[in-house]
Amino acid sequence: MSGLALLGLTALLGLGSGAPLCLSRQLRMQGDYVIGGLFPLGLTEDTELGNRTQPQTTKCTRFSSHGLIWALAVKMAVEEINRASTLLPGLRLGYDLFDTCSEPVVAMKPSLMFMAKAGGHGVAAYCDYTRYQPRVLAVVGPHSSELAFVTGKLFGFFLMPQVSYGAGVDLLSDRETFPSFFRTVPSDRVQVAAVVELLQELRWSWVAALGSDDTSGRQGLRLFSSLASAQGICIAYEGLVPLPPHVQPGALLGLLSHVSRAGVQVVVLFSSAHAARTLFSYSIHCGLSPKVWVASEAWLTSDLVMTLPGMAQVGTVLGFLQRGTPMPAFTSYVQTRLALAADPAFCASLDAEQPGLDEHVLGPRCPQCDHITLENLSASLLHPQTFAAYAAVYGIAQALHNTLLCTASGCPVREPVRPWQLLENMYNLSFRAHDQALRFDTSGNVDMHYDLKLWVWQDQTPELRTVGTFDGHLQLLSSQMWWHTPRNEPVSQCSRKCKKGQVRRVKGFHSCCYDCVDCKAGSYLRNPEDLFCTPCDQDKWSPARSLHCFPRRPRFLAWEEPAVLLLLALLGLTLGLVLAALGLFVRHRDSPLVLASGGLRACFGLACLGLVCLSVLLFPGQPGHASCLAQQPLLHLPLTGCLSTLLLQAAEIFTESELPPSWAGQLRGHLQGPWAWLVMLFAMLVEVALCAWYLVAFPPEVVTDWQVLPTEALVHCRVRSWVSFGLVHATNVMLASLCFLGTFLVQTRPGCYNGARGLTFAMLAYFVTWVSFVPLLANVHMAYQPAVQMGAILLCALGILVTFHLPRCYLLLWRPECNTPEFFLGGGSGGARGRGGSGDEEETQRKNE
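Residues numbered from 1 in each chain as written. Predicted model: local features only at pLDDT ≥ 70, side-chain atom pairs only at ≥ 80, totals over all residues. Heavy atoms only, no water.

K.L.:
Please explain the overall build of the protein as it appears in this structure.
P.N.:
Summing up its helical and strand segments, the protein has 29 helices and 27 strands in all. Considering the protein as a whole, with its 849 residues, one finds that 52% of them fall into the buried category. Restricting to contacts in the protein with at least 6 residues of sequence separation, those with at least 24 account for 70%. Carbon and sulfur atoms provide 58% of the accessible area of the protein, an area that totals close to 38200 Å². (Helix = DSSP H or I, 4+ residues; strand = E, 2+ residues; numbered from the N terminus. Buried < 20%, exposed > 50% of the residue type's maximum accessible area, 1.4 Å probe, protein only. Contact = heavy atoms within 4.5 Å. Areas by Shrake-Rupley, 256 points an atom, 1.4 Å probe, with all protein chains shown as cover.)

Here it is in structure tokens:
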């Protein structure tokens, strides 16, 4: 209602002249069935209930506009039902409304009056109250949970339906303790869930929680603590605010000191209006820094708190308020009631219709109500709980309509309905109030929505601005927000939010206080709320601070790698030289040089050396089972053939140079012809046996190693036994050793070719290569071990070729004058016979001569 209209109506009715009204006498009306009402028409902030020594009547000196508005809403609903024919046709509802002063000791007296026997003032004691008929059929109210805990047990004993329009504590839904309690406001559990979602939405994870030291405050704290902890919100400090008049300044200052030291910027306060006013009085006095105060519905709209001097300094105040249904006709109804209350004729008619108001028992119903103006009520006309009080009457009327089996034409005549009979029809009751469908569930609750209200200060009083809604899911209107902190919303966190790929390492007792730790390589952060990094599967990898794992690519010695290309170039060079040498030896197979080198055995040795070079082609590329098995045999068998020819060459040189002629003649026949080939065959058979044992007992296998490379899976041939791997080299090592020992100290005759020197350097090249191979293979990365083996094989072959065969090729090509029997065979027929490599020594000797 606009202020201009209120001022006009005031001038028209003369309500501001100071003449008393008769509004307090309009709080009772007789009917076929009477509904009781408990409303906070007055407040007891100036009384000292703690100093009472006798059970006298308590006087409420302060007026509450909210309570009167709610009482008028009940009165309006009853009158609407009586005028209409939809509910209870032919019957008349009455009401009997009393003041509670927001105090249990005051609320008990009208509650006992409600339970008094109809027509009397006392509550009789009976064994069975089934036939008992109290003065009222049901009760609307009270407005607070603290009072509902007191009255609910009393009415529950008599199974009298009680419908509260403001008590939201979740414990009141307990059907064993409060079997007759209903409410037209949501349970506090819904409000607390909305508060928790608000804290989550604004990323406030480090808060303080306070509650008044009463049942409502303690239950609100307990419920908030459980829901907040489940959602990862940490309560830095939790405390109870003492209720007046039992306030100890030291305890309150200590509570505020704890809140200040906790370092929070957000405080959630579940409190009654009296306790909230006391807390803020001390907060303003001690200069607590401004904070965000999340209010419970009990004090969010309270005049006691809003009008406290200095409240604008406490920071930002916001909270959830039940969303009321607009009631356009209610404003004009209040205007009419006030206008009639100022009419002497109307007041006189009330005295005639209702001769007694039981004031000698309960005292004046609301003496403050007779000295108000329209301005006193204008701020409360749109209070959301007004509809809740209005809807409570329709719920009771619908249940009575169903109990009496009423139809559109009327209600059948029957004996009066008793409260417990009405209660049976209120469970799971569906009804309508102002065209809105409502329903009591089995716990007596209704499903209604909340608006998020923010205090926006206008002069000395705050205005409630809607900045969000909650209907099971929170929706914020960020553009309507206003904060006490300049330019941005407050931050209330113990620790900063971790970056992507970081987990929280909790410090102390609170999960909200933590250090951010990077997920290491090989692990990832699966969910943002995880406290530990999740290791990747073995076939996947991840970098540090990763949110995902990536598949590993297979890694092996690929053909296109630079090292392999370099080795292949070396292979081409070595193999080309081997083939060139072999071609020269075959072409000049009958020359003294070739015959001195072993003749056909030398050609066989060069062919084997070529096969040794070709064995390196088994190492590059993706390993397979066949290639892994063939690598060592195809290397060592040709190498054995090559070394066996060199051993025979060394044996001939040693025999000719170091043994007496008689012994040399006997041994020469065993080193020539078929015997020489038998020696070579024997050596190769020994190597075949070793290779077969190696492949049968310890066969190499293709394995995929997931650990040695950070991002790839290494596929390689695994040697199962390094001892067996070394024994495969035994034959070749033995051949090379004998060859070296046979030529190392040989003295060559002057003027002849020094073949022993070439053999000595060839064996040195063999030993240097493979002795260096052992530490190099042990220390190089597993991914490059095949390349090391390739290099060793090629260097070994190249060393033998360069030190033994290529010097002879040089003589064949560029020093043909040295290719004579005297230079290579030592001259004479004996020498020729001693070193001939073919079977037909005589013919060869003639050709040489």
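K.L.:
Could you clarify how one ought to interpret unusual backbone geometry in this entry?
P.N.:
It is generally the case that most residues other than glycine have a negative phi and that most peptide bonds are trans. Note that the residue after Gly141, namely Pro142, is joined by a cis bond; omega there is -5°. Mapped onto the elements of the fold, Pro142 is located in the loop between strand E6 (138-140) and helix H4 (145-157). Even without a glycine there, the phi angle at Cys101 is positive, about 55°. Relative to the assigned elements, Cys101 resides in the loop between strand E5 (93-99) and helix H3 (104-115). Although it is not a glycine, His434 adopts a positive phi angle of roughly 55°.

K.L.:
Even after reading the chapter, I still don't get the packing of helix H7 (residues 249-261) against helix H8 (residues 273-286), so can you show me in this structure?
P.N.:
For any two helices packed against each other, one specifies the crossing angle of their axes together with the interaxial distance. Close contact between H7 and H8 brings their axes to 10 Å; oriented N to C, the two are set at 70°. Relative to H8, the element H7 is oriented roughly perpendicular. When H7 is examined against H8, the residues Pro249, Leu252, Leu253, Leu255 and Leu256 are found in contact with a partner set consisting of Thr278, Leu279, Tyr282, Ser283 and Cys286. Considering only residue class, the contact of H7 with H8 consists of 8 nonpolar, 2 polar and no charged. (Axes fitted to C-alpha atoms, helices over the stretch in contact; angles between N-to-C directions. Parallel < 35°, antiparallel > 145°, perpendicular 65-115°, else oblique. Nonpolar A, V, L, I, M, F, W, Y, C, P; charged D, E, K, R; others polar.)

K.L.:
Honestly, the side chain of Gln368 in this entry has me stumped. Any pointers?
P.N.:
When you line up the elements, Gln368 lands in the loop between helix H13 (359-362) and helix H14 (374-378). In this structure Gln368 comes out as buried when scored by relative accessible area, which is 13%. If sequence neighbours within four positions are ignored, Gln368 has contacts with Gly42, Cys60, Thr61, Arg62 and Phe63.

K.L.:
Any chance you could explain the pattern of salt bridges here in plain terms?
P.N.:
Any two side chains of opposite charge can pair, so long as their charged atoms come close to each other. Under the defined criterion, the tally for this structure stands at 15 salt bridges. Here Arg218 makes a salt bridge to Asp213, at a shortest N to O gap of 2.7 Å. Classification of Arg218 as partly exposed rests on a relative accessible area of 38%. Asp213 sits in the partly exposed class, given a relative accessible area of 37%. In this structure, the salt-bridge partner of Glu712 is Arg555, at a minimum N-O distance of 3.2 Å. In this pair, Glu712 is assigned in strand E27 (residues 712-718) and Arg555 in strand E25 (residues 553-555), connecting sequence segments 157 residues apart. With relative accessibility at 11%, the residue Glu712 sits in the buried group. Arg555 sits in the buried class, given a relative accessible area of 16%. Taken together, the shared-partner salt bridges connect Arg553, Arg555, Glu561 and Glu712 into one network. (Salt bridge = Lys/Arg side-chain N within 4 Å of Asp/Glu carboxyl O.)

K.L.:
Sorry, what's going on with empty space enclosed by the protein here?
P.N.:
Remark: the empty space left among the atoms is shown by a probe the size of a water molecule rolled over them. Tallied over the entire structure, the rule returns 4 cavities of 30 Å³ or more. What the largest cavity holds in volume is close to 60 Å³. Taken together, Ser597, Gly598, Arg601, Ala602, Gly605, Leu606, Cys642, Thr645, Leu646, Gln649, Phe804 and His805 form the lining of the largest cavity. (1 Å grid on protein atoms, 1.4 Å probe; cavity = no way out; pocket = protein on both sides within 12 Å on 5 of 7 lines; lining within 4 Å. Points joined across faces, edges and corners; volume = space filled by probe spheres on them.)

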